[in-house]
Amino acid sequence: MNEPRHLLCFGFGFSASTLASQLDRRQWKITGTSRSDEGVAEVEAMGFQAIRYDKLESLPGDVTHLLSSVPPDEAGDPVLRSFGAELEAKARQLQWVGYLSTTGVYGDHAGAWVDEATPLSPNTERGHRRVAAEAGWQELHEQAGLPLHVFRLAGIYGPGRNALESLKSGKARRIIREGQIFSRIHVDDIVGILRASIDLPNPGRVYNVADDDPAPPQDVIAYGAELLGIAIPPAIAFADAQLSPMARSFYADSKRVRNDRVKVELGYRFKYPDYRVGLKSLLLVPN
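Residues numbered from 1 in each chain as written. Predicted model: local features only at pLDDT ≥ 70, side-chain atom pairs only at ≥ 80, totals over all residues. Heavy atoms only, no water.

A. Structural view of the overall build of the protein. Looking only at helices and strands, one finds ten helices and 13 strands in the protein. Relative to the compact-globule value of 19 Å for 287 residues, the protein shows a C-alpha radius of gyration of 19 Å, a close match. The 287 residues of the protein split such that 52% are buried. Sequence separation of 24 or more characterises 79% of the internal contacts of the protein that already satisfy a separation of 6 or more. Averaging the positions of the 33 positive and the 36 negative side-chain charges in the protein gives two centres separated by 3 Å. (Helix = DSSP H or I, 4+ residues; strand = E, 2+ residues; numbered from the N terminus. Rg over C-alpha atoms; globule rule 2.2 N^0.38 Å. Buried < 20%, exposed > 50% of the residue type's maximum accessible area, 1.4 Å probe, protein only. Contact = heavy atoms within 4.5 Å. Lys, Arg positive; Asp, Glu negative; His and termini not counted. Charge placed at Lys NZ, Arg CZ, Asp CG, Glu CD.)

B. Main features of the pairing of strand β5 (residues 96–102). Most of β5 sits out of view: six of its seven residues are buried. In this sheet, β5 lies alongside strand β4 (residues 65–68) in parallel orientation, the contact comprising four bridges. Looking across to β5, one finds that Ser68 is bridged to Tyr99. For the crossover from β4 across helix α3 (residues 78–89) to β5, the handedness is right-handed. Looking at chain direction, β5 and strand β7 (residues 148–153) are connected through six bridges and run parallel. (Pairing = 2+ DSSP bridges. Right-handed = clockwise from strand over helix to strand, strands pointing away.)

C. Molecular detail of the packing of aromatic side chains. Applying the stated criterion to the full structure yields eleven aromatic pairs. Each ring, one from Phe151 and one from Tyr207, has its centre 5.8 Å from the other, and the planes form 20°; the classification is stacked. Highlighted residues: Phe151 in strand β7 and Tyr207 in strand β11 (residues 205–209), separated in sequence by 56 residues. Each of the two residues, Phe151 as well as Tyr207, counts as buried. Each member of the aromatic cluster is reached from another via a ring pair, and the members are Phe10, Tyr53 and Phe83. Positioned above the aromatic ring of Phe250, the side-chain terminus of Arg126 is 4.9 Å from the ring centre. (Phe/Tyr/Trp six-rings, centres within 6.5 Å; stacked < 30°, edge-to-face > 60°. Lys NZ or Arg CZ within 6 Å of the ring centre and 35° of its normal.)

D. Fine view of the sheet that holds β5. Read across the open sheet, the seven strands follow the order β3-β2-β1-β4-β5-β7-β11; overall the sheet is parallel. This sheet does not close on itself; its edge strands, each paired only once, are β3 (49–52) and β11. Averaged over all neighbouring strand pairs, the angle between strand axes comes to 20°, with direction disregarded. Contacting β4, β5, β7 and β11, helix α4 (residues 125–144) crosses the sheet at an angle of about 165° to β5. (Axes fitted to C-alpha atoms, helices over the stretch in contact; angles between N-to-C directions.)

E. Representation of the pattern of salt bridges. A complete count under the given rule lists 16 salt bridges for this structure. The residue Asp62 makes a salt bridge to Lys29 at a minimum N-O spacing of 2.9 Å. Residue Asp62 is located in the loop between β3 and β4, and its partner Lys29 is located in strand β2 (residues 28–34); the two are separated by 33 residues in the primary sequence. Relative accessible area serves as the criterion here: at 29%, Lys29 is assigned to the partly exposed category. Between Glu165 and Lys168 there is a salt bridge, with its nearest N and O atoms 2.9 Å apart. Remark: Lys168 and Glu165 occur in helix α5 (residues 163–168); sequence separation between them is three residues, near one turn of the helix. According to the relative accessible area criterion, Glu165 is partly exposed, its value standing at 21%. Judged by relative accessible area, Lys168 falls into the exposed class, the value being 53%. Through salt bridges with shared partners, a single ionic network connects Asp37, Arg52 and Asp54. (Salt bridge = Lys/Arg side-chain N within 4 Å of Asp/Glu carboxyl O.)

Here it is in structure tokens:
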């Protein structure tokens, strides 16, 4: 019997933990990192190996696959800062590396379509940091042969993290900004695309990870309210919304994100091709 593949996840948030939970334990050994003792306990409670990030001195010797979902900070990408030299030295020992980025690297396109060939023109600090982080990872691919794959994620939703939960908690607001369009992705489709890439690696490739139906955010809230059989929240003009700087930054970009590449190159078929299918499925999921 072949030795299990070993996936090391830098960061064990929504996407990474969902991926880990869907991999066959007979074929995979999985290790997740966290910056806190509480986070380590949560990873272990899910049945996976866990390491405090600040106590990880080097990559485990048997790692075959690596996924980083750690966001860059003011000083750059923390994983590259701590492990860049080791990743360079061990680049050709790894079978697959995934870096989770964001569609925020494209900036604002006034609702127009973007694809992986669209020039990167972020208009937020977080977007600029992501562009620099992507470049750092790509440099390791180009100079050392790191088997890197970059995934630019749209707005993520899934069990426990969706418009239905916001509506049920009374926190949902239907904010209207003329012409605003967002792309979204169900966490299960993120996992499906990552698994398709693992099975069909193409180092150096960049993939948009978004569903088929970009839509105004207020439409998603209204549809969720209809599903729940509750009143649709009143419309609030963007100028009157009193959003935090972080929340306001999400409205800085308006674009539609194409997903043709994952369909054509990876042969991926979306489980939840639009938010309607996704939200309907979540009605039946305990949260």
